[in-house]
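A look at the structure
Listed below, chain by chain, are the residues.
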Amino acid sequence: MTTEDTRLKGLVGSAASKLEKHRGIVTVGDLLDFAPRRYRTTVADLGAPAVGDYLVAVATVESATTRTMKSRRGKMLEAVITDGRSRMDVTFFSAYGHEKELQVGRTLLFAGRVGEYRGRRQLAHPAYSSIEALHALGDLAVDEGGLIPIYRHVPGVQSWGVSAAVRVILQHLDEVVDAVPDEVRERRDLLGRLEALTALHAPHTLDDVERARHRLRFEEAFVLQCLLGMRRAERAAEVTRARRPDGRLLATFDERLPFELTAGQREVGETVLADLAADTPMHRLLQGEVGSGKTVVALRAMLAAVDSGGQAALLAPTEVLAVQHERTIRGMLGDLAEAGMLGGAEDATRVQLLTGSMSTQARREALIHIATGAAGIVVGTHALLEDVVTFDDLALVVVDEQHRFGVEQRDALRAKGEHPPHLLVMTATPIPRTVAMTVFGDMATSTLRELPRGRQPVTTHVVPAGNPRWVQRVWERIAEEVAAGRQAFVVCPRIGGDDDVEEGVDLLSEGSVGDDEADGERVPDDDAPRPLADVSGTLELLAQVPALAGVSTAALHGRMRPEEKDAVMSAYAAGEIDVLVATTVIEVGVDVPNASTMVVLDADRFGISQLHQLRGRIGRGGHPGVCLLVTGSDAESAQERLQALASTSDGFELARVDLAQRREGDVLGTAQSGVRSQLRHLSLLRDEDLIEAAREDVEIVLAADPDLSAHPELAAAVARWADEERTAYLEKS
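Read on for an overview of the structure. (Residues numbered from 1 in each chain as written. Predicted model: local features only at pLDDT ≥ 70, side-chain atom pairs only at ≥ 80, totals over all residues. Heavy atoms only, no water.)

1. Comments concerning the overall build of the protein chain
If you tally the helices and strands in the protein chain, you get 24 helices and 21 strands. For the protein chain, contacts bridging at least 24 residues in sequence account for 74% of all contacts bridging at least 6. (Helix = DSSP H or I, 4+ residues; strand = E, 2+ residues; numbered from the N terminus. Contact = heavy atoms within 4.5 Å.)

In structure tokens form, the structure reads like this:
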């Protein structure tokens, strides 16, 4: 149902082009996968929708009158429709053709966006259809007492038009390919796929809908778990060179550590070293709380790889993060990072940075150091994936912020090793178990929950920007911290001037982020977008705050020249700057123990995980931290997001809130668009038990049929998932 031979053009008339343009629906399979978002009966509720909502409802015409318009020729029709409890106005500025249809007492299905005129809600020029016309479509559209499927809005095609198109398809289908094996369907008491599609698009009861949805959710979970299971089997069959530390670099580093590793760091470190010593390539996901010490664990793994005679590469999603990682690693290693240099330690290696903005000469030298093996640790961006980059002996690949990279990208770097290199993936965004199991299920998972000694608690408060006294108190609090000898961050979403947004920032749109908004069926909570705080404007503002008189300030953002950023950060770390006004360039890699306060302006425009990351920059010394989230939004979802941050510092709990609110695609990032676009029915949090059951069934199937030769339909479905991931990778490359 997904081939060129099953394109909708010619099957469903003029609706085909609109379905393709607005929803990407091209084939029969695409249309059947376009599930109704909700269902209506002949019982409506006209009191529920707000201005801006796209309404689809059954209602009865209570009154209808026509009158001549003063400013234009012709007559307009004004009607009132009711559901028996609430009423709504309906207006047609041309009454022609509508007078006969909108007769008092007639029940119709209306569709249109709710507007407002003189304080009353109205539908202006809505589409409508008679219930009799819907019944004429047959049982596959709606039957007496049955449900009317309501689809996501497609401009130019009403919901009942989509239903009619689906009916055309279903009437011509005798059977459909079913990826779920018969024995699994029987074990789990699942509908067949054609039964499920019919029950989804043409249900008689809500029980039909639930059974159909359950079946289709299970199918998604089952196929994806099968792909991950086969990938795990492929990894287990790979053979690589075991990497056992023979040198003294790691031991020397451990001896010099000015702090004691946490129990979690020691445990995960031992696990990683054991993985490196095996002749099967490591595939491990390392996640942990903000400040839990993932960088130290990853660095120790890289030093072990160098000690084994190989090289390690750290792949970061942005140049800002790559530079920060390189600087952090150099700072932690000291003279152990200065091999071949005057003053370098005896057991030292070389740390090499490679980014796209390097000069030709610097890039040429970097490529030589990497190719000859002189650079033991290589830190870079996507530039590491280029064909011109060759390694002498790549032993370990560390990927930072996995959600920014796809499977193909991490494998592209792994392909540069003479032997399959080991892989360690880091994420500072805690991942709920079902997400990790569903998206990163081909990898072993290690988690750091314990915070290093010396980390102080951070108290978080939400500050309404519309309350001048509270905002004044924000600046007074900073002044108090500075007077006590401490420092503060002020974070802005924009840089200022003619810029757009800082590199790596993914600002949320105005208003809430739910199903309606995602489908263009809800207006923003505010009438007009608010101007966002920027670094340059905030610096000017702080200079005018009486409480901050005499306080030294400076700016930091990703568009400054490297030497400028270095100078500012060095001065801030040395205590020469009291308040640093910055973008999210400080999100990771910034460690200033004396910083105790953070103010985030327009905090509602950031996601939970990014705010949690930013908050992790304070409370790193001997003083408790305070984080003040300033927001001008009253949007329900924004308030829920910020209040969640104020109520807990548990990153895993916050990740669940983030996932529930923003949906899988947003949280997993663009790199996982293959997963996102395929998750049409499955919810990674709601369907935890179902995902677990699907994984159990997959293990049984793969144990008996590892290559799925006895299950060709399932093999084809798995191949489509893999193709989707590859396509997503190519689109980003």
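Read on, since the account is not over.
2. Observations concerning the sheet that holds strand 11 (residues 351-354)
Two strands in a sheet stick together by hydrogen bonds in their backbones, pointing the same way (parallel) or opposite ways (antiparallel). The parallel open sheet is built from seven strands, whose spatial order is 11-12-10-13-14-9-15. The open sheet has two free edges, formed respectively by strand 11 and strand 15 (444-448), since each of these has just one partner strand. Taking the axes of each pair of neighbouring strands and ignoring which way they run, one obtains an average angle of 20 degrees across the sheet. The sheet strands contacting helix 9 (residues 263-276) are strand 9 (283-288), strand 13 (394-400), strand 14 (422-427) and strand 15, and the helix crosses strand 15 at an angle near 155 degrees. (Pairing = 2+ DSSP bridges. Axes fitted to C-alpha atoms, helices over the stretch in contact; angles between N-to-C directions.)

3. Looking at unusual backbone geometry
If you check the backbone angles, aspartate 602 has positive phi at about 55 degrees while not being a glycine. Looking at the secondary structure, you find aspartate 602 in the loop between strand 20 (595-600) and helix 19 (608-615). One non-glycine residue with positive phi stands out, namely leucine 708, at about 60 degrees. Relative to the assigned elements, leucine 708 resides in the loop between helix 23 (688-704) and helix 24 (712-732).

4. Digging into the sheet that holds strand 17 (residues 487-491)
Judged by pairing direction, the sheet is parallel, and its six strands sit side by side in the order 16-21-20-17-19-18 without closing on themselves. Two strands in the sheet have a free side with no partner beyond their single neighbour: strand 16 (458-464) and strand 18 (553-556). Going across the sheet, the axis of each strand differs from the next one's by a mean of 20 degrees, ignoring polarity. As judged from the four bridges shared by strand 20 and strand 21 (residues 625-631), these two strands associate in the parallel manner. Counterpart to threonine 597 in the pairing with strand 21 is valine 626.

5. What to know about the pairing of strand 2 (residues 54-68)
Each regular strand carries side chains that alternate between the two faces of the sheet. Alignment of strand 2 against strand 5 (residues 107-117), held across seven bridges, turns out to be antiparallel. Pairing of alanine 57 across the sheet is with phenylalanine 110, part of strand 5. Once strand 2 ends, the chain turns through six residues before running back antiparallel as strand 3 (residues 75-82), passing glycine 74 with a positive phi of about 95 degrees.

6. Section: the environment of glycine 621
With respect to the element layout, glycine 621 can be found in the loop between helix 19 and strand 21. Glycine 621 sits in the buried class, given a relative accessible area of 13%. (Buried < 20%, exposed > 50% of the residue type's maximum accessible area, 1.4 Å probe, protein only.)

7. Focus: the pattern of salt bridges
Overall, the coordinates contain 34 salt bridges when judged by the stated rule. One salt bridge connects glutamate 101 with arginine 106, and the closest N-O pair in it is separated by 2.7 Å. The class of glutamate 101 is partly exposed, set by a relative accessible area of 31%. Exposure remark for arginine 106: the relative accessible area of 25% places this residue in the partly exposed category. Between arginine 473 and glutamate 480 there is a salt bridge, with the nearest N and O atoms lying 2.8 Å from each other. Beyond isolated ion pairs, a larger network of salt bridges with shared partners links Asp33, Asp178, Asp182, Arg185, Arg193, Arg215 and Glu219. (Salt bridge = Lys/Arg side-chain N within 4 Å of Asp/Glu carboxyl O.)

8. A closer look at the packing of aromatic side chains
Counting across every chain of the model gives five aromatic pairs. Each ring, one from phenylalanine 34 and one from tyrosine 151, has its centre 5.7 Å from the other, and the planes form 25 degrees; the classification is stacked. With phenylalanine 34 in the loop between helix 2 (28-32) and strand 1 (38-40) and tyrosine 151 in the loop between strand 8 (148-150) and helix 4 (159-171), the pair connects residues that are 117 residues apart, well separated along the chain. Since its relative accessible area comes to 4%, tyrosine 151 is described here as buried. One residue, arginine 449, lies across the ring of phenylalanine 652, its end atom 4.0 Å from the ring centre. (Phe/Tyr/Trp six-rings, centres within 6.5 Å; stacked < 30°, edge-to-face > 60°. Lys NZ or Arg CZ within 6 Å of the ring centre and 35° of its normal.)

9. Overview of helix 4
In a regular helix each residue adds 1.5 Å, so 13 residues correspond to 18 Å; helix 4 covers 18 Å between its end C-alpha atoms and thus fits that length. The buried fraction of helix 4 is high, at ten of 13 residues. Among the residues making up helix 4, those that are buried are Ser159, Trp160, Val162, Ser163, Ala164, Ala165, Val166, Arg167, Ile169 and Leu170. (Expected span 1.5 Å × (residues − 1).)

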